[in-house]
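As a plain string of letters, each chain reads:
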Amino acid sequence: MGRRVRDISYNRIYEKIIMAKIIAIAENFAFGPISKLVTVTRKLREHGHEIIFIGDGTAYELGSKEKYNEIYKCNTDSPKFSAWAAPIFKKADLLLSSCDRSSIILAQKLGIPHVWLDILFFWWDEIPEYVLNADLYIQQNSLDNTRNLKKYRGKTKNMKIVGPIIDMSYKNIKKKKQLLVAYGGMEGAGWYKVGKDSMYPYTFSKLIINTVDTSKYDKVLFVGNDRITKDLKKKYGNKKYIFSMLSHDNMLKAIGESEDILMVPGLETPLEAIAYERPAFFIPPSNSSQYVQLDEFRSLGLAKMTNSIHFADYFPYVKMAGRNLRQIMTEYLDELRKFENSKDILIDCSKRIHSYLNSTKEEKSAQFIKQKLFNKKLGVGGLDKTVTLIENYINTL
């Protein structure tokens, strides 16, 4: 451990925080794990810590936009990862892993202190023992985690629970006549790929552009991963319809400044939109975890028939929560294909989106009551608490 020290003064209480060299890695699955890693590491960088980022796929796309001390492109699930990464790990003081299991295995093998940042604790069908044994296990409180708390809490080595980990810097930014269409990371390596298993962003971009009246907006901003947004830009892009992959910082700005938001029922963008008190419409789930998350958003009253579209509005409901993750992804993709190929369903989706966008400001603002109750229940200050937990742990090394 390096011994650089920073003095901090809080009401005459002085703390010495040791600066650390931190390896930061996120699972290559859409934008959820990497957006949370970026949020935390940005604050750690502000505090003077050195960040070495390793990533691949959608994680690399988003992470490589940050000003890290070192950036490497590598697939952590590759058989060559351990041999390649070991020299980098050995020169670091700490690993911070956002849901990436391979990096935790390597850190434990090399005896490197490590922190597991879990944004999906509620979702896992199983959590391996080596993850439960992480030196520090930080769970972001979001959706109902009762099932896995009962199953795993007594088995973790050192678990801490924090509220949503959100950067609130742009909550009060000036609003624009802009519609934000947020697709998230769109793909999950080894799980589903757009163009092969799904045509989701193409289907809904075409639907919105061709059938939804967006004349009241100066701009419609479609955001997602780099590969897909570049292709969509070639097909539909112009001065009105903008397709782009944004850095996480610019994504927060877009959430803060947009008049309306159409978003997939992922986890991180909805948590951010709720924290920013922005009116939003949930377009259909783009993967199986979003199917489950939309279930819960509806049960909490955050999503209703008037501001969300669920497969279950058109097909028999399928219970996916708590089941084998591979099996439910297969079931989800089968249902998605039926959904995408139904002209009648897509026409109805267009009508529902149009109806929401043209509802009154008062009708949209009614969402804020449920949002505030939801935020209060989860707890505030998740980002600061997460950084404090990590720095307190560093100080014990």
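Preceding block: the structure.
Note that this is a predicted model, so its numbers are computed, not measured. (Residues numbered from 1 in each chain as written. Predicted model: local features only at pLDDT ≥ 70, side-chain atom pairs only at ≥ 80, totals over all residues. Heavy atoms only, no water.)

Visitor: Help me out: how do you make sense of the side chain of Q178 in this one?
Guide: Along the chain, the position of Q178 falls in strand β10 (residues 178–182). Classification of Q178 as buried rests on a relative accessible area of 1%. A polar contact of 2.8 Å, which involves the side chain of Q178, links it to the side chain of S258. Discounting chain neighbours no more than four positions away, the residues touching Q178 are Y217, K219, L221, A254, E257, S258, E259 and D260. (Helix = DSSP H or I, 4+ residues; strand = E, 2+ residues; numbered from the N terminus. Buried < 20%, exposed > 50% of the residue type's maximum accessible area, 1.4 Å probe, protein only. Polar contact = N/O pair within 3.5 Å; in protein donor to acceptor, adjacent residues only side chain to side chain. Contact = heavy atoms within 4.5 Å.)

Visitor: Explain the nonpolar core here, please?
Guide: Nonpolar side chains in soluble globular proteins tend to end up buried together. The biggest cluster of nonpolar side chains holds 103 residues, and the ones touching the most others in it are I23, F89, Y183, F222, L262 and F339. The biggest single contributor to this core is helix α12 (residues 325–340), with seven residues. Among residues more than four places away in sequence, those in contact with F339 are F204, P284, I309, F311, Y314, F315, I345, L346 and C349. Membership of the second largest hydrophobic core comes to 30 residues, among which are A59, I138, M245 and I394. (Core = buried A, V, L, I, M, F, W, Y, C linked by side-chain atoms within 4.5 Å.)

Visitor: Honestly, the sheet that holds strand β12 (residues 241–244) in this entry has me stumped. Any pointers?
Guide: Working definition: the strands of a sheet are paired by backbone hydrogen bonds and lie parallel or antiparallel to each other. With respect to topology, five strands assemble into an open sheet ordered β12-β11-β10-β13-β14, the strand pairing being parallel. Looking along the sheet, the strands with just one partner apiece sit at the ends: β12 and β14 (280–282). Averaged over all pairs of adjacent strands, the angle between strand axes in this sheet comes to 20°, irrespective of strand direction. Sheet analysis places strand β13 (residues 260–263) next to β14, joined by three bridges and oriented parallel. Its bridge partner lying in β14, M263 is registered against F282. Those strands touched by helix α10 (residues 268–275) are β10, β13 and β14, and its axis lies near 160° from that of β13. (Pairing = 2+ DSSP bridges. Axes fitted to C-alpha atoms, helices over the stretch in contact; angles between N-to-C directions.)

These figures capture arrangement, not role.
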